[in-house]
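Below, each chain spelled out in residue letters.
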Amino acid sequence: MRIQDIIEGKKEWRAHVARVKALPQDYQIVYKEIQKYLFKVGPVELTDGMSLLSGIIDLFEEGAALGKGVLEVTGSDVAAFCDDLIKDSKTYADIYQESVNQEVNKAMKKVTDKTK
């Protein structure tokens, strides 16, 4: 990674954070929870990690400008809102589930092979 890329990334992140801080308090609270949720379970192969988060801010800015409360925008089940955003993306949870299944299958095959 080039130093220029790092500097651009930091500038982009600072601008992103400034947009979040400009949102009404209820939107900021929900945004931070969404961000945490996505970082924990979120998509593995984001082509641009900022694009999803920026899209959420766009949506939140629009909702705030219309005078809506944040839960009017996301619905009361914020986790379901997040899941819907990433429904077509492979997540860390998917990868973990696959590895568990593979380990179980390997172990069962060893047991089955020994009993033959």
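Residues numbered from 1 in each chain as written. Predicted model: local features only at pLDDT ≥ 70, side-chain atom pairs only at ≥ 80, totals over all residues. Heavy atoms only, no water.

The name given to the chain in an unreviewed UniProt entry is DNA-binding ferritin-like protein (Dps family), and the organism recorded there is Clostridium homopropionicum DSM 5847.

Participant: Sorry, what's going on with the nonpolar core here?
Facilitator: Soluble, globular proteins show a tendency: their nonpolar side chains are buried together. In terms of nonpolar packing, the biggest core is built from 18 residues, with Y27, V30, Y31, I34, L38, I56 and F60 touching the most fellow members. Broken down by secondary-structure element, the contributors of at least two residues to this core are α2 (25-41), α3 (49-65), α4 (70-74) and α5 (78-85). Non-local contacts of Y27, meaning those with residues more than four positions away in its chain, are made with F60, G63, A64, K68, G69, V70 and V73. (Core = buried A, V, L, I, M, F, W, Y, C linked by side-chain atoms within 4.5 Å. Buried < 20%, exposed > 50% of the residue type's maximum accessible area, 1.4 Å probe, protein only. Helix = DSSP H or I, 4+ residues; strand = E, 2+ residues; numbered from the N terminus. Contact = heavy atoms within 4.5 Å.)

Participant: Explain α2 here, please?
Facilitator: Residues separated by three or four positions in an α-helix point in the same direction, a consequence of the helix having 3.6 residues per turn. Look at α2: 25 Å from first C-alpha to last across 17 residues, which is about the 24 Å you get at 1.5 Å a residue. The set of residues buried in α2 consists of Y27, Q28, V30, Y31, I34, Q35 and L38. When α2 is viewed along its axis, its buried side chains cluster within an angular range of 170° and face the same direction. Of the exposed residues in α2, those oriented more than 90 degrees away from the buried face are Q25 and K40. (Expected span 1.5 Å × (residues − 1). Arc of directions from axis to C-beta.)

Participant: How should I be thinking about the confidence of the model for the chain in this particular structure?
Facilitator: Residues of the chain with pLDDT of at least 70 account for 85%, and the chain-wide mean is 84. Element-level pLDDT for the chain is lowest in helix α6 (residues 92-114), with a mean of 77, against a maximum mean of 97 in α4. (pLDDT = per-residue confidence, 0-100.)

Participant: Mind showing me how you'd approach the packing of aromatic side chains here?
Facilitator: Describing an aromatic ring pair means giving the distance of the ring centres and the angle of the ring planes. Summed over all chains, the structure comprises one aromatic pair. Geometrically, the ring pair formed by Y27 and F60 is edge-to-face, given 5.2 Å between the ring centres and 70° between the ring planes. Here the residue Y27 occupies a position in helix α2, and F60 occupies one in helix α3, the gap between them amounting to 33 residues. Summarising the burial analysis for this pair, Y27 and F60 share the class buried. (Phe/Tyr/Trp six-rings, centres within 6.5 Å; stacked < 30°, edge-to-face > 60°.)

Participant: Looking at this model, I keep getting lost on the side chain of Q35. Mind explaining?
Facilitator: Here Q35 is to be found in helix α2. On the basis of relative accessible area, Q35 is assigned to the buried category, the value being 15%. In this view, Q35 contacts W13 and L53; residues no more than four positions away in its chain are not counted.

Participant: Sorry, what's going on with the pattern of salt bridges here?
Facilitator: Pairs can form between side chains of opposite charge whenever their charged atoms are close. For the structure shown, the criterion picks out six salt bridges. Among the salt bridges present, the one from R19 reaches D58, with a minimum N-O distance of 2.5 Å. One end of the pair, R19, is in helix α1 (residues 3-21); the other, D58, is in helix α3, with 39 residues separating them in the sequence. Take D58: its relative accessible area is 42%, and that puts it in the partly exposed class. A salt bridge links E33 to K36; its shortest N-O distance comes to 3.0 Å. Of the two residues, E33 and K36 are both situated in helix α2; the distance of three residues between them amounts to about one turn of the helix. Its relative accessible area of 43% is what places E33 among the partly exposed residues. Note on K36: relative accessible area 44%, which makes it partly exposed. What emerges from the salt-bridge pattern is a single network uniting R19, D58 and E61. (Salt bridge = Lys/Arg side-chain N within 4 Å of Asp/Glu carboxyl O.)

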